[in-house]
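Take a look at the letters that make up each chain.
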Amino acid sequence: MVSYSKETQTPADTQTHTQAKPGCCVCVRACVAEEEEEEEEMADPKPAEDSQEEKADEEEKQEEVLPKELTEEEKMHLLNSEEFMAFFDRGSRIVERALSERVDVCFDYSGRDLEDREGEMQAGAKMSLSRVFSDERWSKNRVVTCLDWSPQYPELLVASYNSNDDAPHEPDGVALVWNMKYKKTTPEYTFHCQSAVMSAAFARFHPNLIVGGTYSGQIVLWDNRSNKRTSVQRTPLSASAHTHPVYCVNVVGTENAHNLISISTDGKMCSWNLDMLSQPQDSLELVFKQSKAVAVTSMAFPLGDVNNFVVGSEDGSLYTACRHGSKAGISDVFDGHHGPVTGLSCHSAGGPVDFSHLFISASFDWTVKLWTTKSTRPLYLFEDSCDYVYDVMWSPTHPALFACVDGSGRLDLWNLNNDTEVPSASVVVDGSPALNRVRWAHSGREIATGDSDGQVLVYDVGEKICVPKADEWTRFVHTLVEINENRDEGDELAAQRLLA
Amino acid sequence: MSAEVEETLKRIQTHKGVIGTIVVNAEGIPIRTTLDNSTTVQYAGLLHQLTMKARSTVRDLDPQNDLTFLRIRSKKHEIMVAPDKEYLLIVIQNPSE
């Protein structure tokens, strides 16, 4: 017992106290009380108190002395000693077992404790950076031009890059396949081609193929079964195919009847069979009113539709078009934007209510607009950004959620059921590079964005935001009704002002 | 330091959610850490005092008893301390990851 009291007192002497002086004294008093007989308890505290005061003085002096640090040698000596090995063996065993226990006993199903934390943990809980993919040799100094998640393997992501001005001898076009599942920081597959790759996609019904649309107008096909890094098939550089940059490639259709659709900036739309890229199966010139060729920069197919689609052009206009039928080509024009259209996305979250007539567009005019194919006037204007908005995409699982990225490095998530004036979550990428592309993963839980420095950043989105509750679809119906009413009111006021 | 100890420490540090690992000696001085200096000194000092207090509490309640493991669960983290006569192994984990 005497040895025990010594044990607690010695560390107390050499330790630097920030507070806990009373604490130590309590220790001493408690153990002294333990040791002595109960009758002596009354008498003892007095001498104990005196020694405590002495201790207090000693400790005060100790406080002024700087904390004793050990040299590297001393540390290594300690770490190599027998006692340390014995301690570490026991201690690490227990700690590893404890770490592996995943049970959170404090979880509150009512969500009350989350409400308390909302103020401070807002941005953190909503979006957190999960991975950053960048390759010294292949992605540095290049801009990420396109992203696509694999439909077969949810952990694979293809990113295409344009040319590296600092390395003229390296190939101009690069496409890298990144793997989210493993911690390795190098790409799963590296592909290149002679011209800068402007768009890339996993071929939907061919798990081994990756399609790329390039600046020269060539469409290249890479196969991960081949050992080469160059493409296995290429479309010809002739007038029958494309001679202008191809910004949009997409595989549409079903397992048995599908085509690769590509549109270049001279308005030419070609549909190809992936087995034979030597000539297009079908081609169509997209012209508006028989004269103006449409310089297509983005294209989107509504969910489930293989014939009708929407295109956005360099001059800011948006058009609907269809591939087959008597009226093949451009059908309707929308009011559009004041600057080139950079991104288009059709509503794709399937659910009890069908919203496939909705689509959103992003443009250099700092805005994102919400449209419906049923009307040429925009439904809503999102003007929260102060820079070119480079891309926008609907969530594949949540009906009222979409993401957009702009040139100031901001990634915004808008939940229209919560608020239509400001984004529900926003994050600025370190270093504020311009973010060129944004793509939701098929699960709707992760978001990938590519920036102008060749980095691909993958963010985990908090459950509260990205997982839709059962009533999200009906709430979105109400939100749309409100939006429609506001739009009609706005138009009436404008009309009245014109008349007056 | 033996390769086994190194390997175990690395394994613990790379475990899901682990923010930091600190080994502290009997005097509260950190001898191995994966966090920056100021944070380490803070954690080492405070947890050493707390462990001493916890140990004395356990011994006071039953002199034949002794402290074997200390776990502090807070809103943001979980701090685990494996104490010993001479050393402390401290691991800080974010359990929600």
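Since this is a predicted model, take the numbers as computed values, not measurements.

(A) Representation of the packing of helix α4 (residues 72-80) of chain A against helix α5 (residues 82-100) of chain A. All names here are of chain A. Where α4 contacts α5, the two axes come as close as 5 Å, and the packing angle between them is 65°. Between α4, through L78, L79 and N80, and α5, the contact on the second element is made entirely by E82, F84 and M85. Across the contact of α4 with α5, the residue classes tally to four nonpolar, one polar and one charged.

(B) Main features of the sheet that holds strand β23 (residues 380-382) of chain A. Residues and elements named next belong to chain A. The four strands are arranged β20-β21-β22-β23 in an open sheet whose pairing can be described as antiparallel. Pairing within the sheet leaves two strands with one partner each, and these edge strands are β20 (341-346) and β23. Direction aside, neighbouring strands of the sheet carry axes that sit 20° apart on average. As paired strands, β20 and strand β21 (residues 358-363) are joined by five bridges and run antiparallel to one another. In the strand pairing of β21, C346 is matched with F359.

(C) Looking closely at the packing of α5 of chain A against helix α1 (residues 3-13) of chain B. Packing of α5 of chain A against α1 of chain B leaves a shortest axis separation of 11 Å and a crossing angle of 25°. Here α1 of chain B runs roughly parallel to α5 of chain A, going by the angle between their axes. In this structure, α5 of chain A meets α1 of chain B at a crossing whose hand is left-handed. Facing α5 of chain A, whose interface residues are F84, M85, F88, S92, V95, E96 and L99 of chain A, α1 of chain B presents V5, T8, L9, R11 and I12 of chain B. Split by residue class, the contact of α5 of chain A with α1 of chain B holds eight nonpolar, two polar and two charged.

(D) Fine view of the pairing of β21 of chain A. Residue and element names in this part refer to chain A. Within β21, six of the six residues are buried, which leaves the element mostly enclosed by the surrounding structure. Note that β21 and strand β22 (residues 368-372) share five bridges and pair antiparallel. The residue of β22 that forms the bridge with A362 is V368. As consecutive antiparallel partners, β21 and β22 are separated by four residues, and within that stretch W366 has a phi angle of approximately 70°, a positive value.

Procedures and definitions
- Residues numbered from 1 in each chain as written.
- Chains lettered and ligands numbered in written order.
- Predicted model: local features only at pLDDT ≥ 70, side-chain atom pairs only at ≥ 80, totals over all residues.
- Heavy atoms only, no water.
- Axes fitted to C-alpha atoms, helices over the stretch in contact; angles between N-to-C directions.
- Helix = DSSP H or I, 4+ residues; strand = E, 2+ residues; numbered from the N terminus.
- Contact = heavy atoms within 4.5 Å.
- Nonpolar A, V, L, I, M, F, W, Y, C, P; charged D, E, K, R; others polar.
- Pairing = 2+ DSSP bridges.
- Parallel < 35°, antiparallel > 145°, perpendicular 65-115°, else oblique.
- Left-handed = near helix turned anticlockwise from the far one by under 90°.
- Buried < 20%, exposed > 50% of the residue type's maximum accessible area, 1.4 Å probe, protein only.

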